Amino acid sequence: MPKRSSNARTTRNGARPALDIRRYAPALGAEVRGVDLADGLDRATYEQVRAALLAHQVLFFKDQTEISPRTQIEIGRMFGELHMHPAAPQMAGYPEIFEIYVSRNSKIANGEFWHSDVSCDEVPPLGTILQLHVLPPIGGDTLFANMYAAHDALSEPMKRILEGLSAVHESEHVYRERYSDRGVDDTGREYPSATHPVVRTHPETGRKALYVNRTFTTRIKELEAAESEALLGFLFDHCEGIDFQIRYRWERNDVAFWDNRCAMHRAIWDYWPERRKGRRVTIKGDRPA
Ligand code: SIN
């Protein structure tokens with residue numbers, strides 16, 4: 001029987017039904033039902049998804065079928081120009097697609113430590129849309145953390161100190177030879193680094209979020225080395241606090257769409273030697289301000 005296009009469903013008066021959006025946990029996140037992204041996104045549904053992303057920071061689309069690379073690219077482009085990853089291997093014919101693949105031969109798993117995607121770029125990504133097609137029988141969850149809440153929980157004196165500070169985000173130590181097991185020879189390639197405010201204001205919600213992470217952030221520019229190390233150590237531990245987090249257990253073909261401007265994430269590699277596989281597109285954002 002042909003697959004019913006959930007995007008073609010309409011109410012009796014011809015309008016698109018509203019998506020079923022339910023909060024995942026108090027910290028952040030929402031589950032979304034009522035659309036199969038494999039069919040693409042119509043304009044009205046796009047508007048609902050965009051508003052939901054701003055409200056919940058990460059969306060988990062349930063009851064999905066496999067999205068073709070072309071459709072995933074088209075959906076990503078509705079939210080903005082696509083970002084090209086500086087290190088990861090590109091999918092043949094679809095350079096915008098980043099294939100997530102972990103197997104018994106992997107040296108590392110992508111996103112194993114807390115991060116906001118590619119925060120080492122001058123203009124880091126707005127958001128990321130990831131669908132997982134192959135999951136281990138158990139494990140392979142992803143953690144997400146709310147960086148508005150991490151900011152808001154700080155004392156007023158600490159907030160005032162952070163307002164004047166900027167941090168360096170580097171990637172040489174992250175990406176050099178990282179994908180050699182997948183055939184990437186990065187000899188001669190230069191990896192990006194950038195300086196961003198420690199507290200950024202989200203360009204769409206106007207809310208303040210902490211914007212440092214253990215993967216890419218290496219020092220606070222205005223401080224002495226020992227001061228920078230101590231303050232970053234405190235901030236990393238603070239941001240990773242369980243009060244700000246959720247842990248997402250994937251089902252096959254689930255799609256996660258997260259906002260890198262106000263959420264961090266960490267993929268847990270607790271399933272070796274099993275495989276985990278999917279595709280992601282990443283959408284360009286704004287220069288953090
Ligand atoms: C990532 O894109 O950082 C990885 C997320 C995941 O595989 O769960």
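Conventions adopted
- Residues numbered from 1 in each chain as written.
- Predicted model: local features only at pLDDT ≥ 70, side-chain atom pairs only at ≥ 80, totals over all residues.
- Heavy atoms only, no water.
- Near = heavy atom within 4 Å.
- Polar contact = N/O pair within 3.5 Å; in protein donor to acceptor, adjacent residues only side chain to side chain.
- Areas by Shrake-Rupley, 256 points an atom, 1.4 Å probe, with all protein chains shown as cover.
- Helix = DSSP H or I, 4+ residues; strand = E, 2+ residues; numbered from the N terminus.
- Nonpolar A, V, L, I, M, F, W, Y, C, P; charged D, E, K, R; others polar.
- Buried < 20%, exposed > 50% of the residue type's maximum accessible area, 1.4 Å probe, protein only.
- Pairing = 2+ DSSP bridges.
- Salt bridge = Lys/Arg side-chain N within 4 Å of Asp/Glu carboxyl O.
- Contact = heavy atoms within 4.5 Å.
- Axes fitted to C-alpha atoms, helices over the stretch in contact; angles between N-to-C directions.

Draft legend 1. Geometry of the site of the ligand. In the neighbourhood of the ligand, the contacting residues comprise N110, G111, H115, D117, L130, T142, W258, H265, A267, R276 and R280. Measuring from an oxygen atom of the ligand, one finds a side-chain N or O atom of T142 at 2.6 Å. Burial of the ligand by the protein amounts to 100% of the accessible area it has alone, namely 260 Å². Those elements giving two or more residues to the shell around the ligand turn out to be strand 15 (263-267) and strand 16 (276-284). Tallied by class, the residues present in the shell around the ligand amount to 3 nonpolar, 5 polar and 3 charged.

Draft legend 2. Quick peek at the pairing of strand 8 (residues 166-170). Most of strand 8 sits out of view: 4 of its 5 residues are buried. Looking at chain direction, strand 8 and strand 9 (residues 193-197) are connected through 5 bridges and run antiparallel. Residue pairing across strands places V168 opposite T195, the latter belonging to strand 9. Where strand 8 lies against strand 12 (residues 217-220), 3 bridges are found, and the strand directions are antiparallel.

Draft legend 3. Just the pattern of salt bridges, in detail. Counted under the stated rule, the structure contains 23 salt bridges. Notably, a salt bridge pairs K62 with D254, separated by 2.8 Å at the nearest N-O pair. Of the two residues, K62 is situated in the loop between strand 3 (58-61) and helix 2 (69-79) and D254 in the loop between strand 13 (245-248) and strand 14 (255-259); the sequence distance between them amounts to 192 residues. One exposure class covers both K62 and D254, and it is buried. A salt bridge links R279 to E66; its shortest N-O distance comes to 3.1 Å. With R279 in strand 16 and E66 in the loop between strand 3 and helix 2, this pair connects stretches of sequence that are 213 residues apart.

Draft legend 4. A look at the sheet that holds strand 5 (residues 94-102). Taken together, the 8 strands give an open sheet; going across it, the order is 1-2-3-14-6-16-5-4, and neighbouring strands pair in mixed fashion. Pairing within the sheet leaves two strands with one partner each, and these edge strands are strand 1 (20-23) and strand 4 (90-91). Pairing geometry for strand 1 and strand 2 (residues 30-33), over 4 bridges, is antiparallel. Each residue of the ladder has a partner; that of R23, found in strand 2, is A30. Its contacts with the sheet put helix 1 (residues 43-56) on strand 1, strand 2, strand 3, strand 6 (125-134) and strand 14, and the angle it makes with strand 3 is roughly 125°.

These results come straight from atomic positions and should not be treated as a statement about function.
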